[in-house]
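Single-letter residue listing:
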Amino acid sequence: MTHFPSVPLTAGPAEHPFVFQTAFNTGSAEILDTVYEPDAVFVRRDGVRVSGAERRAANGGILALGQPIKVTPRQVHVSGDLALLIVDWVIEGHLAATATDVARRGEDGLWRYVIDNPFGLGAP
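Keep in mind the model is a prediction, meaning the values are calculated, not measured.

With respect to the nonpolar core
By size, the foremost hydrophobic cluster in this structure holds 30 residues, and its most contacted members are Phe20, Phe24, Leu32, Val35, Tyr36 and Trp89. Setting aside residues up to four positions removed in sequence, Phe20 forms contacts with Leu32, Val35, Tyr36, Ile69, Tyr113 and Asp116.

With respect to the sheet that holds strand β1 (residues 36–43)
What links the strands of a sheet is backbone hydrogen bonding, and the strands pair in either a parallel or an antiparallel sense. The six strands lie next to each other as β2-β1-β6-β5-β4-β3, forming an open sheet whose pairing is mixed. Every other strand in the sheet has two partners, leaving β2 (49–50) and β3 (70–79) as the edge strands with one partner each. Pairing analysis gives ten bridges linking strand β4 (residues 82–91) to strand β5 (residues 95–105), with the strands arranged antiparallel. Within β5, the position partnered with Val87 by the bridge is Ala99. Of the strands in this sheet, β1, β2, β4 and β5 touch helix α3 (residues 53–63), which is tilted by about 60° from β1.

Overview of the environment of Val7
Here Val7 shows up in the segment before α1 (16–24). Apart from the residues lying within four places of it in its own chain, the contact partners of Val7 are Val19, Thr22, Ala23, Thr26 and Ile31.

Here we look at the packing of aromatic side chains
Taken as a whole and assessed by the stated rule, the structure comprises four aromatic pairs. Taking 5.9 Å as the distance between ring centres and 75° as the angle between the ring planes, the aromatic pair formed by Phe20 and Tyr113 counts as edge-to-face. A residue pair is termed long-range when its members are at least 10 positions apart, and Phe20 in helix α1 and Tyr113 in strand β6 (residues 111–117) qualify at 93 residues. Exposure class is identical for Phe20 and Tyr113. Each is buried. Between Tyr36 and Tyr113, the ring centres sit 5.7 Å apart and the planes meet at 45°, which makes this aromatic pair tilted. Pair noted here: Tyr36 is in strand β1 and Tyr113 is in strand β6, with a separation of 77 residues, a long-range link. Note on accessibility: Tyr36 and Tyr113 belong to one class, buried. In textbook terms, an aromatic cluster arises when at least three aromatic residues are bridged by ring pairs, as seen for Phe20, Phe24, Tyr36 and Tyr113. Note that Arg55 overlies the ring of Tyr36, its terminal NZ or CZ placed 5.0 Å from the centroid.

Analysis parameters
- Residues numbered from 1 in each chain as written.
- Predicted model: local features only at pLDDT ≥ 70, side-chain atom pairs only at ≥ 80, totals over all residues.
- Heavy atoms only, no water.
- Core = buried A, V, L, I, M, F, W, Y, C linked by side-chain atoms within 4.5 Å.
- Buried < 20%, exposed > 50% of the residue type's maximum accessible area, 1.4 Å probe, protein only.
- Contact = heavy atoms within 4.5 Å.
- Pairing = 2+ DSSP bridges.
- Helix = DSSP H or I, 4+ residues; strand = E, 2+ residues; numbered from the N terminus.
- Axes fitted to C-alpha atoms, helices over the stretch in contact; angles between N-to-C directions.
- Phe/Tyr/Trp six-rings, centres within 6.5 Å; stacked < 30°, edge-to-face > 60°.
- Lys NZ or Arg CZ within 6 Å of the ring centre and 35° of its normal.

Here you go:
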């Protein structure tokens, strides 16, 4: 059994994009998947919504670029245990977009993505 190092989640919704960045920059799809709720949805660039193994595969395709991501949160709106995150991100020389994401605070007080729409309105 392979043990993957973990990336600590956050109790602050405004910090969650940076947790994503740290997890992404490990290069591990397994570590990256820890920033999501188990049934979270990822919206691919073609607009198709996927979850579970398909979500990990979609993120794996972006991870395969082999370059770090840099995030810049633009807006964070919180209502109770839900947060809308508008986040600019760039993988230098490859991709850049503005994500529209929804995160939820779990029973453990930590935030995880419920909907990850990395291409925001740029997706068809």
